[in-house]
Amino acid sequence: MSARPLVEYDAVDKSFGETQVLRSVDLQVEDGEVVVVVGPSGSGKSTLLRCANRLEEVQGGELRVAGDPVTGPDADVNRIRRRVGMVFQSFNLFPHMTAIENVAVGPERVLGCAREDAEQRAYDLLDRVGVADQATSHPEELSGGQQQRVAIARALAMDPQVMLFDEVTSALDPELVGEVLDVMRDLARDGMTMLVVTHEMGFAREVGDRIVLMSDGRIVEQAAPEPFFESPSTRRGQQFLSRLL
Amino acid sequence: MTDAYETDGTAESGGDGSLLMRDGLIRRAGELLSVGVLLLVIGAVGFIAVTQVNTELLTTVFPQFVEAFWLVVRIVAVASLLSVTLGVLVGLARISRSPVTGRIAKGYVEFFRGTPLLFQLFLIFFGVPRLWPAGSTNFPVADWAVPAAVIGLTLNHAAYVGEAIRGGIDAVPDGQMEAARSLGMSRVMALREIVLPQAWRNALAAIGNDQIILVKDTSLLTVIAVPEIMSVFRDVNSLRLDPWTPLVWVCLFYLAITLSMSQLVNALERRADPTGQSRRGQMAALLRRAGGRGDGE
(Lines give C-alpha, C1' and ligand atoms only; values in the text may rest on other atoms or scores of the structure.)
Protein backbone atom coordinates (compact mmCIF):
# COMPACT_ATOMS: atom_id res chain seq x y z
CA MET A 1 0.00 0.00 0.00
CA SER A 2 1.23 3.42 -0.84
CA ALA A 3 1.41 6.08 1.79
CA ARG A 4 -1.15 8.04 -0.16
CA PRO A 5 -4.59 8.57 1.38
CA LEU A 6 -7.17 6.11 0.08
CA VAL A 7 -9.80 8.79 -0.44
CA GLU A 8 -8.84 12.38 -1.20
CA TYR A 9 -11.19 15.33 -1.50
CA ASP A 10 -9.37 18.34 -2.87
CA ALA A 11 -11.34 21.61 -2.77
CA VAL A 12 -14.57 19.88 -3.79
CA ASP A 13 -17.55 22.09 -4.68
CA LYS A 14 -21.03 20.77 -5.23
CA SER A 15 -24.31 22.57 -5.78
CA PHE A 16 -27.85 21.58 -6.60
CA GLY A 17 -29.00 24.38 -8.87
CA GLU A 18 -28.53 27.60 -6.94
CA THR A 19 -27.90 25.92 -3.61
CA GLN A 20 -24.30 25.21 -2.83
CA VAL A 21 -24.05 22.08 -0.65
CA LEU A 22 -20.29 21.52 -0.53
CA ARG A 23 -17.93 24.49 -0.33
CA SER A 24 -14.33 23.70 -1.13
CA VAL A 25 -14.15 20.57 0.98
CA ASP A 26 -10.74 19.03 1.72
CA LEU A 27 -10.69 15.61 3.32
CA GLN A 28 -8.30 12.68 3.36
CA VAL A 29 -9.14 9.21 4.52
CA GLU A 30 -6.12 7.00 5.20
CA ASP A 31 -6.00 3.30 4.52
CA GLY A 32 -7.66 1.46 7.42
CA GLU A 33 -9.04 4.62 8.96
CA VAL A 34 -12.60 5.07 10.19
CA VAL A 35 -13.75 8.64 9.59
CA VAL A 36 -17.12 9.59 11.05
CA VAL A 37 -18.90 12.60 9.58
CA VAL A 38 -21.36 14.36 11.88
CA GLY A 39 -23.31 17.58 11.68
CA PRO A 40 -26.80 19.01 11.56
CA SER A 41 -29.30 17.99 8.86
CA GLY A 42 -28.68 19.69 5.55
CA SER A 43 -25.03 20.33 6.30
CA GLY A 44 -23.92 18.27 3.27
CA LYS A 45 -22.81 15.05 5.01
CA SER A 46 -24.66 12.66 2.70
CA THR A 47 -23.69 14.63 -0.38
CA LEU A 48 -20.05 14.46 0.71
CA LEU A 49 -20.34 10.67 0.79
CA ARG A 50 -22.26 10.38 -2.46
CA CYS A 51 -19.58 12.30 -4.32
CA ALA A 52 -16.99 9.67 -3.41
CA ASN A 53 -18.51 7.11 -5.79
CA ARG A 54 -19.93 9.73 -8.10
CA LEU A 55 -23.59 9.24 -7.32
CA GLU A 56 -23.39 13.03 -7.34
CA GLU A 57 -21.36 15.01 -9.86
CA VAL A 58 -19.12 17.65 -8.37
CA GLN A 59 -18.80 21.12 -9.86
CA GLY A 60 -15.31 21.89 -8.75
CA GLY A 61 -12.20 20.44 -7.18
CA GLU A 62 -10.82 16.95 -7.43
CA LEU A 63 -11.64 13.62 -5.89
CA ARG A 64 -9.45 10.52 -5.97
CA VAL A 65 -9.90 6.98 -4.68
CA ALA A 66 -6.67 4.98 -4.35
CA GLY A 67 -5.02 7.61 -6.51
CA ASP A 68 -7.48 7.27 -9.40
CA PRO A 69 -9.64 10.24 -10.36
CA VAL A 70 -13.34 9.91 -9.55
CA THR A 71 -14.36 13.02 -11.41
CA GLY A 72 -13.53 14.42 -14.79
CA PRO A 73 -13.49 12.84 -18.25
CA ASP A 74 -10.68 10.35 -17.50
CA ALA A 75 -12.48 8.72 -14.60
CA ASP A 76 -13.63 5.14 -15.09
CA VAL A 77 -16.65 5.44 -12.85
CA ASN A 78 -17.67 1.77 -12.92
CA ARG A 79 -14.16 0.75 -11.92
CA ILE A 80 -14.13 3.24 -9.04
CA ARG A 81 -17.51 2.04 -7.84
CA ARG A 82 -16.30 -1.55 -7.70
CA ARG A 83 -13.73 -0.46 -5.13
CA VAL A 84 -16.10 1.69 -3.10
CA GLY A 85 -18.85 -0.14 -1.23
CA MET A 86 -21.92 1.85 -0.27
CA VAL A 87 -24.66 1.22 2.27
CA PHE A 88 -27.77 3.41 2.16
CA GLN A 89 -30.17 4.73 4.77
CA SER A 90 -33.10 3.03 3.02
CA PHE A 91 -31.23 -0.28 2.43
CA ASN A 92 -32.14 -0.34 -1.29
CA LEU A 93 -32.02 -4.12 -1.44
CA PHE A 94 -33.31 -5.55 -4.71
CA PRO A 95 -36.82 -6.74 -3.80
CA HIS A 96 -37.11 -9.27 -6.62
CA MET A 97 -34.08 -11.19 -5.42
CA THR A 98 -33.43 -13.34 -2.35
CA ALA A 99 -30.88 -12.21 0.22
CA ILE A 100 -28.18 -14.42 -1.24
CA GLU A 101 -28.97 -13.26 -4.80
CA ASN A 102 -28.71 -9.65 -3.64
CA VAL A 103 -25.20 -10.34 -2.39
CA ALA A 104 -24.13 -12.52 -5.32
CA VAL A 105 -25.43 -10.35 -8.15
CA GLY A 106 -22.52 -7.87 -8.05
CA PRO A 107 -19.67 -10.40 -8.25
CA GLU A 108 -21.58 -12.48 -10.77
CA ARG A 109 -22.64 -9.72 -13.15
CA VAL A 110 -19.98 -7.11 -12.66
CA LEU A 111 -16.88 -9.15 -11.85
CA GLY A 112 -17.93 -12.14 -13.96
CA CYS A 113 -17.58 -14.72 -11.19
CA ALA A 114 -19.16 -18.14 -11.72
CA ARG A 115 -22.58 -18.37 -10.10
CA GLU A 116 -21.50 -21.17 -7.74
CA ASP A 117 -18.49 -19.19 -6.50
CA ALA A 118 -20.48 -15.97 -6.18
CA GLU A 119 -23.17 -17.69 -4.13
CA GLN A 120 -20.66 -19.53 -1.98
CA ARG A 121 -18.98 -16.25 -1.16
CA ALA A 122 -22.34 -14.54 -0.67
CA TYR A 123 -23.30 -17.25 1.79
CA ASP A 124 -20.08 -16.73 3.73
CA LEU A 125 -20.70 -12.98 3.86
CA LEU A 126 -24.28 -13.45 5.03
CA ASP A 127 -22.87 -15.72 7.70
CA ARG A 128 -20.39 -13.04 8.68
CA VAL A 129 -23.15 -10.45 9.18
CA GLY A 130 -25.33 -13.03 10.94
CA VAL A 131 -28.18 -13.54 8.46
CA ALA A 132 -27.12 -16.79 6.77
CA ASP A 133 -30.31 -18.46 7.99
CA GLN A 134 -32.30 -15.95 5.91
CA ALA A 135 -30.29 -16.53 2.73
CA THR A 136 -33.31 -17.53 0.64
CA SER A 137 -35.70 -14.93 2.07
CA HIS A 138 -36.75 -11.92 0.07
CA PRO A 139 -36.10 -8.45 1.53
CA GLU A 140 -39.77 -7.89 2.37
CA GLU A 141 -39.63 -10.91 4.68
CA LEU A 142 -36.71 -9.50 6.67
CA SER A 143 -36.61 -7.01 9.52
CA GLY A 144 -34.98 -3.64 8.89
CA GLY A 145 -31.88 -4.67 10.78
CA GLN A 146 -31.57 -7.88 8.78
CA GLN A 147 -32.08 -5.99 5.52
CA GLN A 148 -29.36 -3.53 6.40
CA ARG A 149 -26.96 -6.32 7.29
CA VAL A 150 -27.68 -7.99 3.93
CA ALA A 151 -26.98 -4.61 2.31
CA ILE A 152 -23.61 -4.46 4.07
CA ALA A 153 -22.84 -7.99 2.85
CA ARG A 154 -23.83 -6.94 -0.68
CA ALA A 155 -21.35 -4.08 -0.60
CA LEU A 156 -18.61 -6.28 0.90
CA ALA A 157 -19.10 -8.88 -1.84
CA MET A 158 -17.34 -6.58 -4.29
CA ASP A 159 -14.29 -6.68 -2.01
CA PRO A 160 -14.14 -2.88 -1.75
CA GLN A 161 -11.17 -0.89 -0.54
CA VAL A 162 -13.38 1.58 1.26
CA MET A 163 -16.94 1.45 2.58
CA LEU A 164 -19.36 4.38 2.67
CA PHE A 165 -22.15 4.29 5.26
CA ASP A 166 -24.88 6.88 4.71
CA GLU A 167 -26.96 7.16 7.90
CA VAL A 168 -27.46 3.44 7.80
CA THR A 169 -29.31 3.20 11.13
CA SER A 170 -31.59 6.21 10.73
CA ALA A 171 -34.47 4.21 9.21
CA LEU A 172 -34.30 1.44 11.80
CA ASP A 173 -36.45 0.79 14.85
CA PRO A 174 -34.38 1.69 17.91
CA GLU A 175 -34.04 -1.92 19.07
CA LEU A 176 -32.54 -2.93 15.70
CA VAL A 177 -29.83 -0.27 15.58
CA GLY A 178 -27.43 -2.27 17.74
CA GLU A 179 -27.18 -5.31 15.46
CA VAL A 180 -26.16 -3.12 12.51
CA LEU A 181 -23.66 -1.11 14.53
CA ASP A 182 -22.16 -4.41 15.77
CA VAL A 183 -21.46 -5.47 12.19
CA MET A 184 -19.85 -2.10 11.46
CA ARG A 185 -17.77 -2.31 14.60
CA ASP A 186 -16.46 -5.74 13.51
CA LEU A 187 -15.64 -4.37 10.09
CA ALA A 188 -13.69 -1.48 11.60
CA ARG A 189 -11.80 -3.87 13.84
CA ASP A 190 -10.87 -5.98 10.80
CA GLY A 191 -9.19 -2.90 9.34
CA MET A 192 -11.78 -1.80 6.77
CA THR A 193 -11.43 1.80 5.64
CA MET A 194 -14.74 3.47 6.40
CA LEU A 195 -16.37 6.81 5.80
CA VAL A 196 -19.45 6.94 8.00
CA VAL A 197 -22.25 9.51 8.21
CA THR A 198 -24.22 8.94 11.37
CA HIS A 199 -26.22 10.47 14.19
CA GLU A 200 -25.10 7.71 16.58
CA MET A 201 -22.63 9.68 18.68
CA GLY A 202 -21.83 6.74 20.94
CA PHE A 203 -20.74 4.75 17.92
CA ALA A 204 -18.81 7.70 16.49
CA ARG A 205 -16.89 8.11 19.69
CA GLU A 206 -16.18 4.42 20.18
CA VAL A 207 -15.34 3.31 16.64
CA GLY A 208 -14.21 6.49 14.88
CA ASP A 209 -10.54 7.25 14.42
CA ARG A 210 -11.42 10.78 13.47
CA ILE A 211 -14.58 12.86 13.71
CA VAL A 212 -15.39 15.39 11.02
CA LEU A 213 -17.98 18.06 11.77
CA MET A 214 -19.79 19.60 8.83
CA SER A 215 -21.85 22.74 8.79
CA ASP A 216 -23.27 24.62 5.80
CA GLY A 217 -21.26 22.57 3.32
CA ARG A 218 -17.95 23.10 5.08
CA ILE A 219 -15.81 20.96 7.30
CA VAL A 220 -15.63 23.10 10.43
CA GLU A 221 -13.77 20.80 12.76
CA GLN A 222 -11.74 17.61 12.50
CA ALA A 223 -10.35 15.82 15.52
CA ALA A 224 -9.86 12.48 17.19
CA PRO A 225 -12.98 11.43 19.12
CA GLU A 226 -11.62 12.20 22.56
CA PRO A 227 -10.77 15.86 22.01
CA PHE A 228 -13.76 16.32 19.72
CA PHE A 229 -16.30 15.24 22.29
CA GLU A 230 -14.45 16.48 25.38
CA SER A 231 -13.12 19.83 24.33
CA PRO A 232 -14.13 20.97 20.86
CA SER A 233 -11.82 23.69 19.68
CA THR A 234 -14.30 25.64 17.55
CA ARG A 235 -17.48 27.48 18.41
CA ARG A 236 -19.38 25.38 15.85
CA GLY A 237 -18.15 22.24 17.55
CA GLN A 238 -19.23 23.51 20.95
CA GLN A 239 -22.64 24.50 19.59
CA PHE A 240 -23.14 21.11 17.95
CA LEU A 241 -22.24 19.23 21.11
CA SER A 242 -24.42 21.41 23.30
CA ARG A 243 -27.42 20.62 21.11
CA LEU A 244 -26.80 16.91 21.56
CA LEU A 245 -27.07 17.14 25.32
CA MET B 1 -64.58 -9.81 4.67
CA THR B 2 -64.87 -9.50 8.40
CA ASP B 3 -62.87 -6.87 10.17
CA ALA B 4 -62.87 -4.95 13.37
CA TYR B 5 -65.08 -2.27 11.85
CA GLU B 6 -67.89 -4.67 10.94
CA THR B 7 -71.09 -3.69 12.68
CA ASP B 8 -72.42 -6.14 15.22
CA GLY B 9 -76.02 -5.00 14.94
CA THR B 10 -76.34 -3.83 18.50
CA ALA B 11 -74.73 -0.46 17.94
CA GLU B 12 -77.21 0.43 15.23
CA SER B 13 -80.12 1.01 17.53
CA GLY B 14 -78.30 4.12 18.77
CA GLY B 15 -76.80 6.79 16.53
CA ASP B 16 -78.52 9.92 15.33
CA GLY B 17 -81.07 8.00 13.28
CA SER B 18 -79.59 9.10 9.95
CA LEU B 19 -80.19 6.51 7.24
CA LEU B 20 -76.55 6.61 6.11
CA MET B 21 -75.41 5.67 9.61
CA ARG B 22 -77.13 2.31 9.34
CA ASP B 23 -74.56 0.06 7.65
CA GLY B 24 -76.55 -3.15 8.06
CA LEU B 25 -79.64 -1.70 6.45
CA ILE B 26 -77.70 -0.30 3.52
CA ARG B 27 -75.92 -3.59 2.96
CA ARG B 28 -79.28 -5.40 2.91
CA ALA B 29 -80.65 -2.88 0.42
CA GLY B 30 -77.60 -3.37 -1.78
CA GLU B 31 -78.07 -7.12 -1.74
CA LEU B 32 -81.72 -6.79 -2.68
CA LEU B 33 -80.89 -4.45 -5.53
CA SER B 34 -78.11 -6.60 -7.00
CA VAL B 35 -80.15 -9.81 -6.73
CA GLY B 36 -83.00 -7.95 -8.41
CA VAL B 37 -80.74 -6.95 -11.30
CA LEU B 38 -79.45 -10.51 -11.61
CA LEU B 39 -82.99 -11.91 -11.79
CA LEU B 40 -83.92 -9.33 -14.40
CA VAL B 41 -80.94 -10.31 -16.56
CA ILE B 42 -81.65 -14.05 -16.18
CA GLY B 43 -85.26 -13.39 -17.13
CA ALA B 44 -84.29 -11.36 -20.19
CA VAL B 45 -81.72 -13.93 -21.33
CA GLY B 46 -84.24 -16.73 -20.82
CA PHE B 47 -86.90 -14.85 -22.74
CA ILE B 48 -84.51 -14.16 -25.61
CA ALA B 49 -83.23 -17.74 -25.64
CA VAL B 50 -86.77 -19.08 -25.92
CA THR B 51 -88.27 -16.54 -28.33
CA GLN B 52 -85.29 -15.37 -30.43
CA VAL B 53 -82.55 -17.98 -30.61
CA ASN B 54 -82.85 -20.52 -33.35
CA THR B 55 -81.08 -23.64 -32.04
CA GLU B 56 -80.90 -25.19 -35.49
CA LEU B 57 -79.16 -22.13 -36.91
CA LEU B 58 -76.91 -22.11 -33.84
CA THR B 59 -75.50 -25.48 -34.93
CA THR B 60 -75.34 -24.56 -38.62
CA VAL B 61 -73.23 -21.41 -38.12
CA PHE B 62 -70.99 -22.86 -35.40
CA PRO B 63 -68.21 -23.99 -37.81
CA GLN B 64 -68.04 -20.51 -39.36
CA PHE B 65 -67.58 -18.96 -35.93
CA VAL B 66 -64.96 -21.53 -34.94
CA GLU B 67 -62.97 -20.65 -38.04
CA ALA B 68 -63.20 -16.92 -37.30
CA PHE B 69 -62.36 -17.59 -33.66
CA TRP B 70 -59.10 -19.35 -34.55
CA LEU B 71 -58.16 -16.56 -36.93
CA VAL B 72 -58.71 -14.03 -34.13
CA VAL B 73 -56.72 -16.18 -31.69
CA ARG B 74 -53.81 -16.29 -34.13
CA ILE B 75 -53.94 -12.54 -34.80
CA VAL B 76 -54.13 -11.81 -31.07
CA ALA B 77 -51.24 -14.16 -30.27
CA VAL B 78 -48.93 -12.52 -32.78
CA ALA B 79 -50.04 -8.91 -32.15
CA SER B 80 -49.83 -9.47 -28.40
CA LEU B 81 -46.28 -10.78 -28.45
CA LEU B 82 -45.15 -8.11 -30.89
CA SER B 83 -46.88 -5.21 -29.11
CA VAL B 84 -45.48 -6.16 -25.69
CA THR B 85 -41.99 -6.56 -27.12
CA LEU B 86 -42.16 -3.28 -29.02
CA GLY B 87 -43.85 -1.67 -26.00
CA VAL B 88 -40.90 -2.53 -23.74
CA LEU B 89 -38.59 -0.88 -26.27
CA VAL B 90 -40.87 2.19 -26.45
CA GLY B 91 -40.93 2.37 -22.63
CA LEU B 92 -37.13 2.20 -22.50
CA ALA B 93 -36.87 4.83 -25.22
CA ARG B 94 -39.21 7.07 -23.20
CA ILE B 95 -36.78 7.08 -20.24
CA SER B 96 -33.71 7.40 -22.44
CA ARG B 97 -31.31 10.10 -21.37
CA SER B 98 -30.89 11.04 -25.01
CA PRO B 99 -33.35 13.84 -25.75
CA VAL B 100 -33.59 12.64 -29.36
CA THR B 101 -34.67 9.10 -28.50
CA GLY B 102 -36.97 10.30 -25.74
CA ARG B 103 -38.78 12.81 -27.94
CA ILE B 104 -39.18 10.44 -30.85
CA ALA B 105 -40.68 7.82 -28.53
CA LYS B 106 -42.98 10.46 -27.07
CA GLY B 107 -44.12 11.45 -30.55
CA TYR B 108 -44.78 7.81 -31.41
CA VAL B 109 -46.91 7.36 -28.29
CA GLU B 110 -48.85 10.59 -28.85
CA PHE B 111 -49.63 9.68 -32.47
CA PHE B 112 -50.81 6.13 -31.86
CA ARG B 113 -52.74 7.00 -28.70
CA GLY B 114 -54.11 10.21 -30.18
CA THR B 115 -55.64 8.87 -33.38
CA PRO B 116 -58.35 6.21 -33.69
CA LEU B 117 -57.26 2.63 -34.26
CA LEU B 118 -59.70 2.52 -37.17
CA PHE B 119 -57.85 5.41 -38.84
CA GLN B 120 -54.54 3.60 -38.31
CA LEU B 121 -55.97 0.40 -39.81
CA PHE B 122 -57.24 2.33 -42.86
CA LEU B 123 -53.87 4.01 -43.20
CA ILE B 124 -52.08 0.68 -43.32
CA PHE B 125 -54.68 -1.34 -45.20
CA PHE B 126 -55.74 1.20 -47.85
CA GLY B 127 -52.92 3.71 -47.72
CA VAL B 128 -49.73 1.69 -47.77
CA PRO B 129 -50.41 -0.40 -50.94
CA ARG B 130 -51.03 2.86 -52.86
CA LEU B 131 -47.47 3.93 -52.17
CA TRP B 132 -46.13 1.28 -54.55
CA PRO B 133 -44.80 2.92 -57.70
CA ALA B 134 -47.19 1.29 -60.13
CA GLY B 135 -50.18 1.55 -57.83
CA SER B 136 -51.80 -0.88 -55.44
CA THR B 137 -52.23 -3.62 -58.05
CA ASN B 138 -48.48 -4.19 -57.91
CA PHE B 139 -48.35 -4.40 -54.12
CA PRO B 140 -46.38 -7.59 -53.39
CA VAL B 141 -48.60 -8.90 -50.58
CA ALA B 142 -51.59 -10.62 -52.12
CA ASP B 143 -53.67 -10.95 -48.98
CA TRP B 144 -52.84 -7.74 -47.13
CA ALA B 145 -55.78 -7.69 -44.69
CA VAL B 146 -54.37 -9.96 -41.96
CA PRO B 147 -50.81 -8.59 -42.07
CA ALA B 148 -52.22 -5.04 -42.03
CA ALA B 149 -54.36 -5.98 -39.05
CA VAL B 150 -51.40 -7.39 -37.11
CA ILE B 151 -49.26 -4.35 -37.90
CA GLY B 152 -52.02 -1.91 -36.92
CA LEU B 153 -52.84 -3.65 -33.65
CA THR B 154 -49.14 -3.99 -32.80
CA LEU B 155 -48.24 -0.36 -33.44
CA ASN B 156 -51.33 0.90 -31.60
CA HIS B 157 -50.95 -1.26 -28.51
CA ALA B 158 -47.18 -0.89 -28.30
CA ALA B 159 -47.88 2.78 -27.51
CA TYR B 160 -50.08 1.83 -24.54
CA VAL B 161 -47.71 -0.91 -23.36
CA GLY B 162 -44.83 1.57 -23.66
CA GLU B 163 -46.58 4.01 -21.36
CA ALA B 164 -47.34 1.23 -18.89
CA ILE B 165 -43.67 0.20 -18.88
CA ARG B 166 -42.54 3.82 -18.46
CA GLY B 167 -44.93 4.20 -15.53
CA GLY B 168 -43.61 0.93 -14.10
CA ILE B 169 -40.02 2.17 -14.38
CA ASP B 170 -40.91 5.53 -12.80
CA ALA B 171 -42.45 3.69 -9.86
CA VAL B 172 -39.17 1.90 -9.07
CA PRO B 173 -37.44 3.98 -6.36
CA ASP B 174 -34.29 5.86 -7.45
CA GLY B 175 -32.40 4.02 -4.72
CA GLN B 176 -32.58 0.83 -6.78
CA MET B 177 -30.64 2.36 -9.65
CA GLU B 178 -28.21 3.97 -7.20
CA ALA B 179 -27.59 0.70 -5.38
CA ALA B 180 -27.01 -1.11 -8.67
CA ARG B 181 -24.69 1.61 -9.97
CA SER B 182 -22.78 1.68 -6.70
CA LEU B 183 -21.96 -2.01 -7.27
CA GLY B 184 -20.28 -0.91 -10.50
CA MET B 185 -23.08 -1.89 -12.89
CA SER B 186 -23.45 0.15 -16.06
CA ARG B 187 -26.77 1.94 -16.54
CA VAL B 188 -27.88 -0.60 -19.14
CA MET B 189 -26.99 -3.54 -16.93
CA ALA B 190 -28.72 -1.94 -13.94
CA LEU B 191 -31.84 -1.43 -16.04
CA ARG B 192 -31.85 -5.01 -17.24
CA GLU B 193 -30.98 -6.76 -13.99
CA ILE B 194 -32.57 -4.52 -11.39
CA VAL B 195 -35.02 -1.93 -12.68
CA LEU B 196 -36.85 -3.72 -15.51
CA PRO B 197 -37.85 -6.84 -13.55
CA GLN B 198 -39.46 -4.57 -10.96
CA ALA B 199 -40.98 -2.28 -13.59
CA TRP B 200 -42.45 -5.30 -15.33
CA ARG B 201 -44.16 -6.35 -12.12
CA ASN B 202 -45.48 -2.81 -11.60
CA ALA B 203 -46.75 -2.60 -15.18
CA LEU B 204 -48.27 -6.07 -15.53
CA ALA B 205 -51.81 -5.14 -14.49
CA ALA B 206 -51.91 -2.22 -16.93
CA ILE B 207 -50.39 -4.32 -19.72
CA GLY B 208 -52.90 -7.11 -19.09
CA ASN B 209 -55.71 -4.59 -19.25
CA ASP B 210 -54.41 -3.31 -22.56
CA GLN B 211 -54.03 -6.77 -24.04
CA ILE B 212 -57.67 -7.55 -23.21
CA ILE B 213 -58.62 -4.38 -25.06
CA LEU B 214 -56.47 -5.60 -27.95
CA VAL B 215 -58.64 -8.75 -28.13
CA LYS B 216 -61.79 -6.63 -28.35
CA ASP B 217 -60.15 -4.29 -30.88
CA THR B 218 -60.01 -7.18 -33.34
CA SER B 219 -63.76 -6.56 -33.85
CA LEU B 220 -62.74 -3.46 -35.84
CA LEU B 221 -60.93 -5.64 -38.35
CA THR B 222 -64.26 -6.46 -39.96
CA VAL B 223 -64.02 -3.15 -41.83
CA ILE B 224 -60.70 -4.05 -43.46
CA ALA B 225 -62.08 -7.35 -44.73
CA VAL B 226 -60.56 -9.66 -42.13
CA PRO B 227 -62.99 -12.60 -41.78
CA GLU B 228 -63.13 -12.36 -37.98
CA ILE B 229 -65.95 -12.95 -35.51
CA MET B 230 -68.00 -9.77 -36.15
CA SER B 231 -67.88 -10.31 -39.90
CA VAL B 232 -69.37 -13.79 -39.47
CA PHE B 233 -72.14 -12.15 -37.46
CA ARG B 234 -72.79 -9.65 -40.25
CA ASP B 235 -72.93 -12.40 -42.87
CA VAL B 236 -75.33 -14.53 -40.88
CA ASN B 237 -77.56 -11.62 -39.87
CA SER B 238 -77.88 -10.19 -43.36
CA LEU B 239 -78.62 -13.60 -44.85
CA ARG B 240 -81.08 -14.86 -42.23
CA LEU B 241 -82.30 -11.60 -40.66
CA ASP B 242 -81.73 -13.21 -37.28
CA PRO B 243 -79.42 -11.15 -35.03
CA TRP B 244 -79.85 -12.99 -31.72
CA THR B 245 -78.67 -16.43 -32.80
CA PRO B 246 -75.23 -15.35 -34.08
CA LEU B 247 -74.88 -12.83 -31.21
CA VAL B 248 -74.83 -15.75 -28.78
CA TRP B 249 -71.70 -17.11 -30.45
CA VAL B 250 -70.10 -13.67 -30.75
CA CYS B 251 -70.45 -13.16 -27.01
CA LEU B 252 -69.20 -16.62 -26.04
CA PHE B 253 -66.20 -16.62 -28.38
CA TYR B 254 -64.97 -13.19 -27.29
CA LEU B 255 -65.34 -14.17 -23.65
CA ALA B 256 -63.42 -17.38 -24.34
CA ILE B 257 -60.43 -15.31 -25.50
CA THR B 258 -60.62 -12.47 -22.95
CA LEU B 259 -61.16 -14.79 -19.97
CA SER B 260 -58.16 -16.94 -21.01
CA MET B 261 -56.18 -13.76 -21.41
CA SER B 262 -56.96 -12.62 -17.87
CA GLN B 263 -56.03 -16.09 -16.58
CA LEU B 264 -52.70 -15.75 -18.36
CA VAL B 265 -52.15 -12.29 -16.85
CA ASN B 266 -52.99 -13.63 -13.37
CA ALA B 267 -50.47 -16.42 -13.82
CA LEU B 268 -47.81 -13.94 -14.93
CA GLU B 269 -48.56 -11.72 -11.94
CA ARG B 270 -48.17 -14.68 -9.58
CA ARG B 271 -44.88 -15.55 -11.24
CA ALA B 272 -43.62 -11.97 -10.97
CA ASP B 273 -44.35 -11.86 -7.23
CA PRO B 274 -41.00 -12.75 -5.70
CA THR B 275 -42.35 -14.45 -2.60
CA GLY B 276 -44.81 -16.44 -4.68
CA GLN B 277 -42.09 -18.65 -6.13
CA SER B 278 -41.23 -21.98 -4.69
CA ARG B 279 -37.84 -21.85 -3.09
CA ARG B 280 -37.56 -25.38 -1.80
CA GLY B 281 -35.02 -26.23 -4.46
CA GLN B 282 -32.89 -23.19 -3.65
CA MET B 283 -32.95 -23.89 0.07
CA ALA B 284 -32.04 -27.54 -0.43
CA ALA B 285 -29.08 -26.58 -2.61
CA LEU B 286 -27.89 -24.09 -0.02
CA LEU B 287 -28.15 -26.52 2.84
CA ARG B 288 -26.23 -29.09 0.80
CA ARG B 289 -23.51 -26.59 0.12
CA ALA B 290 -23.31 -25.34 3.71
CA GLY B 291 -23.27 -28.96 4.92
CA GLY B 292 -20.62 -30.03 2.43
CA ARG B 293 -18.45 -27.10 3.42
CA GLY B 294 -18.78 -27.98 7.08
CA ASP B 295 -17.58 -31.53 6.39
CA GLY B 296 -14.60 -30.30 4.48
CA GLU B 297 -13.32 -28.04 7.19
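Presented here is an overview of the structure given in this document.

Conventions used here
- Residues numbered from 1 in each chain as written.
- Chains lettered and ligands numbered in written order.
- Predicted model: local features only at pLDDT ≥ 70, side-chain atom pairs only at ≥ 80, totals over all residues.
- Heavy atoms only, no water.
- Contact = heavy atoms within 4.5 Å.
- Buried area = accessible area lost by both parts, 1.4 Å probe.
- Salt bridge = Lys/Arg side-chain N within 4 Å of Asp/Glu carboxyl O.
- Polar contact = N/O pair within 3.5 Å; in protein donor to acceptor, adjacent residues only side chain to side chain.
- Helix = DSSP H or I, 4+ residues; strand = E, 2+ residues; numbered from the N terminus.
- Nonpolar A, V, L, I, M, F, W, Y, C, P; charged D, E, K, R; others polar.
- Buried < 20%, exposed > 50% of the residue type's maximum accessible area, 1.4 Å probe, protein only.
- Pairing = 2+ DSSP bridges.
- Right-handed = clockwise from strand over helix to strand, strands pointing away.
- Patch = residues over 30% accessible without salt bridge, like charges linked within 9 Å, V, L, I, M, F, W, Y side chains within 5 Å.
- Areas by Shrake-Rupley, 256 points an atom, 1.4 Å probe, with all protein chains shown as cover.

1. Comments concerning the interface of chain A and chain B
- In this complex, chain A contributes 34 residues to the contact, which on the side of chain B involves 27 residues.
- Both sides of the chain A and chain B interface together cover about 2800 Å² of buried area, and 56% of this is carbon and sulfur.
- Counting across the interface, chain A meets chain B through 2 salt bridges.
- Put simply, Arg50 of chain A and Glu178 of chain B hold a salt bridge, and the shortest N to O gap is 2.6 Å.
- Here chain A and chain B share 5 residue pairs in polar contact (both at pLDDT 80 or more) between them.
- If you list the elements that add at least two residues to the side of chain A that touches chain B, you get helix H2 (77-83), strand S6 (84-87), helix H3 (99-110) and helix H4 (115-128) of chain A.
- Counting residues per element, the side of chain A that touches chain B draws most heavily on H3 of chain A, at 6 residues.
- Across the side of chain A that touches chain B, the residue classes tally to 14 nonpolar, 9 polar and 11 charged.

2. Some words on the pairing of strand S7 (residues 162-166) of chain A
Residue and element names in this part refer to chain A.
- Among the 5 residues that make up S7, 5 are buried, leaving the element largely enclosed by the rest of the structure.
- Relative to S7, S6 is paired through 4 bridges, and the arrangement is parallel. Residue pairing for S7: Gly85 is matched across the bridge by Met163.
- The pairing of S7 with strand S8 (residues 193-197) spans 5 bridges and is classified as parallel. Note that in S8 the partner of Leu164 across the bridge is Leu195.
- With respect to chirality, the unit in which S7 leads through helix H6 (residues 174-189) into the neighbouring parallel S8 is right-handed.

3. Side note on a nonpolar patch on the surface
- Together, Leu19, Leu20, Leu25 and Ile26 of chain B line one region of the surface with nonpolar side chains, adding up to about 400 Å² of accessible area.
- With respect to the element layout, Leu25 of chain B can be found in helix H1 (residues 23-51).

4. What about unusual backbone geometry?
- Positioned with a positive phi, Phe91 of chain A is a non-glycine residue whose angle comes to about 60 degrees.
- A relative accessible area of 11% places Phe91 of chain A in the buried class.
- With phi around 65 degrees, Ala225 of chain B is a residue other than glycine that occupies positive phi space.
- Relative to the assigned elements, Ala225 of chain B resides in the loop between helix H7 (187-217) and helix H8 (229-240).
- For Ala225 of chain B, a relative accessible area of 56% corresponds to the exposed category.

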